[in-house]
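Summary of structural features
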Amino acid sequence: MNDVVSQTLKKWRQTSFGYDNENDCLLSLADYLIDCGYPDFGQKFRGTFQDEKGAYGHIIQYGGEEFIIAETGLNETNSPKRGDIVLVEMERKVAGIFLGEKIAFRTKRGVIEVNLKFLKIFKAWKVETCPQ
């Protein structure tokens, strides 16, 4: 399958994660949504921090990951499908792309895909306009 989800995961794997180069978890999701035709929800964050502390400071300042993603205007869903944005609770709330049986996350250690049986989805948003 060579859709926007697959292209995004390939890009994530080929570029380094970093808080100083706009390749952190939330800005990577913002880029994914841009590729799907949505406005850039990360615009207010881009270039405003250089490290992990600064990134999390912005997340807290704007009400947390849930509020930031909700500002995209995406509709919530109780039945996520491939390509939807999901928020799960691990050590903290983490956002990723729903793949079906797994969820993909961009982390400091690279792209990880975690099986749903190990996660509890806190909230999900439908990405309706992403081209196949």
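Residues numbered from 1 in each chain as written. Predicted model: local features only at pLDDT ≥ 70, side-chain atom pairs only at ≥ 80, totals over all residues. Heavy atoms only, no water.

**Considering the overall build of the protein**
Operational definition: Going along the chain from the N terminus, every DSSP run of H or I of four or more residues is numbered as a helix, and every run of E of two or more is numbered as a strand. In this description the radius of gyration comes from C-alpha coordinates, and the expected globular size is given by 2.2 Å times residues to the power 0.38. Partly exposed describes any residue whose relative accessible area lies between the buried limit of under 20% and the exposed limit of over 50%, with all areas from a 1.4 Å probe on protein chains only and scaled to the type maximum.
Per the secondary structure count, the protein includes 4 helices and 6 strands. For the protein, the succession of helices and strands along the chain, N to C, is α-α-α-α-β-β-β-β-β-β. Over its C-alpha atoms the protein spans a radius of gyration of 14 Å, differing by no more than 12% from the 14 Å that the globule rule assigns to 132 residues. Overall, the C-alpha framework of the protein stretches about 35 × 30 × 30 Å when taken along its three principal axes. Within the protein, the fraction of its 132 residues that count as buried is 46%.

**Some words on the sheet that holds strand 5 (residues 110-115)**
What links the strands of a sheet is backbone hydrogen bonding, and the strands pair in either a parallel or an antiparallel sense. To be explicit about the condition: Whether two strands pair depends on DSSP finding at least two bridges between them. The criterion used for residue contact is that any of the two residues' heavy atoms lie within 4.5 Å. Note on definitions: angles span 0 to 180 degrees between N-to-C directions of axes, and those axes are lines fitted to C-alpha atoms, for helices only across the stretch in contact.
Ordered by their spatial adjacency, 6 strands build an open sheet running 1-6-2-3-4-5, and the pairing between neighbours is antiparallel. At either end of the open sheet lies a strand with only one pairing partner, and these are strand 1 (75-76) and strand 5. Note: strand 4 (residues 102-107) against strand 5, 6 bridges, orientation antiparallel. Across the sheet, Ala-104 pairs through a bridge with Glu-113, a residue of strand 5. Across the face of the sheet, helix 1 (residues 4-14) comes into contact with strand 3 (93-98), strand 4 and strand 5 while running at roughly 130° to strand 5. Along the sheet, helix 2 (residues 25-35) contacts strand 2 (85-89), strand 3 and strand 4; its crossing angle with strand 3, the most-contacted strand, is approximately 30°.

**Points about the side chain of Ser-28**
Tracing the chain through its elements places Ser-28 in helix 2. With residues near it in sequence (within four places) discarded, Ser-28 still touches Trp-12, Asn-23 and Arg-106.

**Considering the nonpolar core**
For soluble globular proteins, the rule of thumb is that nonpolar side chains tend to be buried together. Quick note on the threshold: Buried residues of nine kinds, namely Ala, Val, Leu, Ile, Met, Phe, Trp, Tyr and Cys, make up a nonpolar core once their side-chain atoms join them within 4.5 Å.
Within the largest apolar cluster, 32 residues are counted, with the highest numbers of intra-cluster contacts made by Leu-29, Tyr-32, Leu-33, Ile-85, Ile-97 and Val-127. Secondary structure elements with two or more residues in this core: helix 1, helix 2, helix 3 (52-61), helix 4 (65-70), strand 2 and strand 3. Examining the composition of this core, we find that 6 residues originate from one element, helix 2, more than from any other. Not counting residues within four places of it along the chain, the set of residues in contact with Ile-85 comprises Leu-29, Tyr-32, Leu-33, Ile-69, Leu-74, Gly-96, Ile-97, Lys-123, Ala-124, Trp-125 and Val-127. Judged by nonpolar contacts, the second largest core, of 9 residues, contains Val-88, Phe-105, Leu-119 and Ala-124.

**Here we look at the pattern of salt bridges**
Quick note on the threshold: Within this document, salt bridges are pairs made up of a side-chain nitrogen of Lys or Arg and a carboxyl oxygen of Asp or Glu, the two lying within 4 Å of each other.
In total, this model carries 7 salt bridges according to the counting rule given. One salt bridge connects Glu-52 with Lys-108, and the closest N-O pair in it is separated by 3.0 Å. In this pair, Glu-52 is assigned in helix 3 and Lys-108 in the loop between strand 4 and strand 5, connecting sequence segments 56 residues apart. On the basis of relative accessibility, which here comes to 30%, the residue Glu-52 falls in the partly exposed class. Here Glu-76 and Lys-123 are joined by a salt bridge, their closest N and O atoms 3.6 Å apart. A residue pair is termed long-range when its members are at least 10 positions apart, and Glu-76 in strand 1 and Lys-123 in strand 6 (residues 121-126) qualify at 47 residues. A relative accessible area of 53% places Glu-76 in the exposed class. Shared partners join several salt bridges into a network, and the residues in it are Glu-66, Glu-76, Lys-93 and Lys-123.

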